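A closer look at the structure
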Amino acid sequence: CSEAGNAGGPRARRPGAGRDTQQKRLCEPCRSRTTMMLRNIPNKYTQNTMMEEMDDLGFGGSYDFFYLPMDVHNRSNVGYAFINFLSPPDAQRFHDEFKEHRFRKHQSRKISSVSAAHVQGLDANLRHFENRAVTHARNDQYRPVVLQGNKRIDFDEAVAGAAAPGAAAKG
């Protein structure tokens, strides 16, 4: 199972299952998930270059939240990102494309992996990052990106429009 934080542990597999074909689907609990964690991102990638690579592979307009944490001292990313997709099928398609992706923008031997994130949905991610120092960074490359369509919107405005905790979450 590629679900992050699967409290029940890995799902038992039938003997011989998956030997001849790669697992193309997320486990049952992951099928309703929209927020994915992408790991093993080469350190030279910025939020813009990672989003460009995703968009070049057909994901433009399919996600509304993107965050690639950066090490401000080294000016490089820390190797993982969180992306919230507009629908579970978009998240599934991303999983299928990026589960063993070789990065193109910067040469690297790193191969990505993808799992469902612990925090799920746009509103939950906005609330999660709402009071973090990173949301007030002067450099846009260090802040989470919130999108409506393909247009960036201000993080604080997005938070103001987010559903209150406990309300039904969006995507």
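Residues numbered from 1 in each chain as written. Predicted model: local features only at pLDDT ≥ 70, side-chain atom pairs only at ≥ 80, totals over all residues. Heavy atoms only, no water.

1. Looking at unusual backbone geometry
Despite not being glycine, Asn40 has its phi angle at roughly 70 degrees, a positive value. As for its placement among the helices and strands, Asn40 is situated in the loop between strand E1 (35-39) and helix H1 (47-59). Judged by its relative accessible area of 38%, Asn40 is partly exposed. Of note, Arg75 is a non-glycine position whose phi angle comes to about 55 degrees, a positive value. Structurally, Arg75 can be placed in the loop between strand E3 (70-71) and strand E4 (76-77). (Helix = DSSP H or I, 4+ residues; strand = E, 2+ residues; numbered from the N terminus. Buried < 20%, exposed > 50% of the residue type's maximum accessible area, 1.4 Å probe, protein only.)

2. Regarding the pairing of strand E7 (residues 145-148)
Of the strand pairs in this sheet, strand E2 (residues 63-67) and E7 are connected by 2 bridges, and their pairing is antiparallel. Residue pairing for E7: Phe65 is matched across the bridge by Val146. Bridge count between E7 and strand E8 (residues 151-153): 3 bridges; the pairing is antiparallel. The partner of Gln148 across the bridge, within E8, is Lys151. (Pairing = 2+ DSSP bridges.)

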